[in-house]
Structures are given as C-alpha cells and as structure tokens.
Amino acid sequence: MTEQTDKVIKKYVPMSETAFYILLSLFKQPQHGYGIVKYVEVITSGRLTLGSGTVYGTITKMLKDHLIVVYANEERKKIYEITELGKVVIQREMTRLEELYTNVIAHRGDKK
Amino acid sequence: MSEKSIWKPFWSFHIQNTEQWIGEMEKKGYTLTRFQPKLSHFTFTEEAPSHETFAISFDRSRQHPLPNALKVDGWEVVNKHGKWAVYGNARQKEEVKTSIVRDNLEARNSKIVTFWWIFFIYIIFSIALQAGLLLPVYLSGDSFTVTRIESPMWFLTYIIFAGQFVVTLIGIYSLITLQRESKRLSEEDAQSQILVHNEDKPTTLSVERQNKFKFGWMYAPDKLERWLEEKEQLGWHLTHIRKGGFKFQFEKSDTKLYAYSVLFEGRADRNAHAFHGEAGWERVYVSGMSWQQWSVWRQAYSEGKEKPEINDDPESKQRAAMRVAKIHTLMFAPIIFLFGFNFFSFMLPDALEQGYFSISGIERFNTTVYPFIMFLFLINILRAWAYYFRVRGQ
C-alpha cells in the first residue's frame, strides 16, 4: 500500500455518517448528486435526508482526495463514480463497522 | 513522416475551438504527438488518425483520472502534460454520450480574471496617486520647466513603457475573452441546469403588501433566516428581494412553514446552485457579482417534520460561517488600519496640540468622521465573528 493511500485512509476512517452513506451509494453504482440524497433516504427508511450543501461539500472534498471522480452523462448531468482508492477506503470502513456490529450483538446477548 | 509544429497562443481561452481544431487536424491526417501547454505549442505528426473527438481537461492535481464510464464510452487519455491533458475518443462527436466535466477549468479561468482585476485596480490606484502628487504642482500656476537630460538609459524607460503597454493589452484581451469563454462554457451544460427561479406574481390590488428594509444582514445571516421564517409564520410571504439585497417585499398570505437558508460563496458556483434546486430549494435572491456571491434559499415543509437545512452538519455549517467572518475581516481590517494610522499619528496629535476648535473646518470634519467610520467597520467585523461563534456554539 502506498503512502498516499495510507494518508487518505487515516483521514477518512472512521468517517462521519454523511460521508459513509455518500461513499456507500457510490460503491453500489455511479450516481448524480440528488440521486445520492434519494438513495440514502430509501436505504435508511427516510431517517436520513442529507442536506444538499453538506453533500456538495463532502463530494468536493472527496473529489480532491481522489476517492471519487466526476463525468457528465448524455444529458450533461454530473455523475460521480467511486475510484479504486475510494473502494479501498469504504471497504476499510465497512470492516470496522462489521466489528462494531458483531460486538454490539455479542454484548447485547450477554445482557439478556 | 512529416511533422508540423503549431503555436497557438491563448488556446486555453477558447477550449472548445481548440478541441475542434485538434479534431480537424486529425481529419487532415495529422495526429497530435506532443503537447506543450505552457508554451502554447502543439506538435502533429503525419500518421493514420486514431481519434475523432477530443476534449481538453485541466486538473490541478495532475492526475487526469479516467472514470470507468468514460472508458466504456471510448475515451482515453491521449496526451498529458502537467495540469493539462488531451482526452480522445475514436467515435464521432454525435455518438459519444459522455463528456468530461470542466469545473476545474472554470475555476482556473476565474482565478485568472481575478488576477487581472487586481492588476488593473493597482494600476489605476498608482496612476491616481501619481496624478495626486503632480497635479497640484501643475495647477498651482507657478511656472516650472521640465528638462530632459540626455542619457543612454532612456531606452530602458521606453522598453519598460512598451512592456507595460503590451501587458495591459494582454490583460484587456484576457478579461474580454474569458468573459465570453465563461458564457460559452455555461451554455455548454445549460441543459442540466434546473434552477427554480423566483418569478414575481402579477400584482393584484386586493393583496396586502409590505416593504421592509434590512441592512447589514451579511454580518449575521442566521438572524436574517430567522426573521424571514418568523415573517412567514405571521402570514407575510416573501415575494421578492430587490437588487442590492436591502429591500424585502412581502404579501399577506396563508401562514406556511418555510425554512430559509442564506449562502455565501467565495466564487459563484452554478453547479452547487443547480444541485440545491434539484434538492427542492427555491432561490429567492442572488447577488450580482460572480465572486463573493450571496444567495437566499427557501423550502416549504410541513409541521411535525424536521426543518430542512442546506448545510445540515455542524462541520459544514462552521465552515460556511468561517468564510463569512474571514472575508469581512480581510475586507475591513486594512481600511481600519489605514484610517487608524492616519488618525492616531496625524489627526489626533494635531487636534490635541492645537485644540479642536482652532483647526480648520475640513480637519475638524475628518477628525470627527474618521473614528466614526473606524468604529463602524470594527462593529461589522465583530458582528461577523459573533455570528461564527453562535454557529459554533450550537
């Protein structure tokens, strides 16, 4: 693993809920900005509606750190796509969350 | 194999033309083999053409990534050099579905524009200063003679003058060309802009109207948001904010819950605005300048639901507030400093030494007005910081 990758992982893991859900939606498929907001709303059953300013700010930061890239589709709409580096980062975060989850289940079981 | 080297100055100010031109060269059987963006040099070699469509990208990070979707659509990076890269596609322009995004290029162009503005403001300032020094001598009526001393060094003066002249011409040319380029680039993706514009409803006389003035809300945008939200709850619906952002027009209507958000951006960002529009925000006001742009947004919501916010996490809220505090400090601190220097090292000692009533009228005026203006600017800076700390303390 290169030094650059390590630096980015250190910066993003652990990440905020907003950043996690944005990267997670892009991990599934490339999407446009509002598509991300809608997707997150659906998979959190409406609990989380991300503010457009927050999403835009986070996306800009992720573009700068090369976690994602942008292109324009046929309608010249901006579509965001996760990069290999972005995939490494989200995988790391998911592993961390898995550990979190297993521990939650284990300790909840103890108390019952 | 023959080579053709072409110098194309200011090619980056006409990006679409340049892309088309590379495509035409290709059609004539010349392939771009070397690209020196800084020198504006393009070298073509006679060989079988491999690409039909071209796009030039600017990337400050020098990475020039190729998204998968672009790769699938036939794009590849043909040639890259530092911050610039030429992307090529073997298909015809009409068949290519995807395209590169030009945000970085637009940011770069607007930086160049800012640079030239600062340059010209400085030039005007220094000409005014010199005129201020020489005009009194000229106007005083005293006769004076100007003697030109022969010296071989005069040619230096002429050369510098010629240089200055050329630089000024380049500056004027850049400003005009980039103005047009920015229009071309914004038209290019005009299709994707779905901004809801606030249209004024036709005036019906039966509707009760109200005008209110509000000044200085730029130092406390959160208070403006709250004020507008309260107005809506009292049944006064905002219909229009007049140019300049001081006059607010309301009309009596049913009470409805609205969330207001005031945004400040260092550089106008069309894409961000289109994004907010898509997310259901209505832009009710935007200031005219393309840098230091203020905009006011609103969205209706129903009772029992959470109030929507454009920036809904503490981090981006603080970042936005910090921008406001910073820009006002940067703008006003030098003025306070200049005024303060004048006041404390010249005016105040004079006034104290000679007595306030024995100095001349204009001096008396200055001695009174200077501290007042300094105080006013200081208050503005403090208000902007108070706003920042309010946001941080939330």
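Calculation rules
Residues numbered from 1 in each chain as written. Chains lettered and ligands numbered in written order. Predicted model: local features only at pLDDT ≥ 70, side-chain atom pairs only at ≥ 80, totals over all residues. Helix = DSSP H or I, 4+ residues; strand = E, 2+ residues; numbered from the N terminus. Rg over C-alpha atoms; globule rule 2.2 N^0.38 Å. Contact = placed C-beta atoms within 7 Å. UniProt positions renumbered as here; feature names shortened; annotations may be inferred. Pairing = 2+ DSSP bridges. Nonpolar A, V, L, I, M, F, W, Y, C, P; charged D, E, K, R; others polar. Buried ≥ 20, exposed ≤ 12 C-beta atoms within 10 Å, placed from the backbone. Axes fitted to C-alpha atoms, helices over the stretch in contact; angles between N-to-C directions. Left-handed = near helix turned anticlockwise from the far one by under 90°.

An unreviewed UniProt entry lists chain B under the name DUF2812 domain-containing protein, with Oceanobacillus halophilus as the source organism.

An unreviewed UniProt entry lists chain A under the name PadR family transcriptional regulator, from Oceanobacillus halophilus.

Q: Can you walk me through the overall build of chain B in this structure?
A: A count of helices and strands for chain B gives eight helices and 12 strands. Relative to the 2.2 N^0.38 estimate, which gives 21 Å for 394 residues, the radius of gyration of chain B is 29 Å and therefore markedly larger than a compact globule would have. Along the first, second and third principal axes, the C-alpha atoms of chain B reach 90 × 85 × 45 Å. For chain B, contacts bridging at least 24 residues in sequence account for 68% of all contacts bridging at least 6.

Q: When you look at the UniProt feature "transmembrane region" (unreviewed entry) in chain B in this model, what are you seeing that I'm missing?
A: Look at the UniProt record and you will see "transmembrane region" (unreviewed entry) annotated at residues 112-135, 155-176, 327-348 and 368-389 of chain B. Along residues 155-176 of chain B the backbone is 100% helical and 0% strand, and the end-to-end C-alpha distance reaches 32 Å.

Q: I tried to follow the UniProt feature "domain: Transcription regulator PadR N-terminal" (unreviewed entry) in chain A on my own but got confused; where do I start?
A: UniProt's entry tags residues 22-91 of chain A with the feature "domain: Transcription regulator PadR N-terminal" (unreviewed entry), counted in the numbering of this structure. With 56% helix and 14% strand, the stretch residues 22-91 of chain A has end C-alpha atoms that lie 14 Å from each other.

Q: Explain the pairing of strand β8 (residues 236-241) of chain B here, please?
A: Residue and element names in this part refer to chain B. Bridge count between β8 and strand β9 (residues 247-252): five bridges; the pairing is antiparallel. For isoleucine 241, the partnering residue across the bridge sits in β9 and is phenylalanine 248. In this antiparallel pair of consecutive strands, β8 and β9, the connection spans five residues, and glycine 244 shows a positive phi of 100°.

Q: Explain the interface of chain A and chain B to me, please; I cannot follow it from the model alone.
A: In many reports, interface size means the accessible area that the parts give up when they come together. Facing 27 residues of chain A, the contacting portion of chain B comprises 27 residues. Broken down by secondary-structure element, the contributors of at least two residues to the side of chain A that touches chain B are α3 (33-43), α4 (52-64), β1 (68-72) and β2 (78-82) of chain A. The greatest single-element share of the side of chain A that touches chain B, amounting to five residues, is contributed by α4(A). The residue inventory of the side of chain A that touches chain B, partitioned by class, reads 10 nonpolar, 11 polar and six charged.

Q: What exactly am I supposed to notice about unusual backbone geometry here?
A: For residues other than glycine, phi is negative in most cases, and the peptide bonds are mostly trans. Residue and element names in this part refer to chain A. Cis geometry marks the peptide bond from valine 13 to proline 14; its omega dihedral reads 0°. Within the secondary structure, proline 14 sits in the loop between α1 (3-12) and α2 (17-28). Its identity as a non-glycine residue notwithstanding, serine 45 has a phi of 50°, on the positive side. Tracing the backbone through its elements, the reader meets serine 45 in the loop between α3 and α4. Using a count of 7 C-beta atoms within 10 Å as the deciding quantity, one classes serine 45 as exposed. At histidine 66, a residue that is not glycine, the phi angle is positive and equals roughly 65°. Relative to the helices and strands, histidine 66 resides in the loop between α4 and β1.

Q: Help me understand the packing of α3(A) against α4(A), please; the structure alone is not making it clear to me.
A: Describing two packed helices takes the angle between their axes plus the distance from one axis to the other. All names here are of chain A. For the pair α3 and α4, the least separation of the axes is 10 Å and the interaxial angle reads 115°. Crossing angle aside, the handedness with which α3 passes α4 is right-handed. Between α3 and α4, the residues in contact are Gly33, Ile36 and Val37 and Ser52, Val55, Tyr56 and Ile59, respectively.

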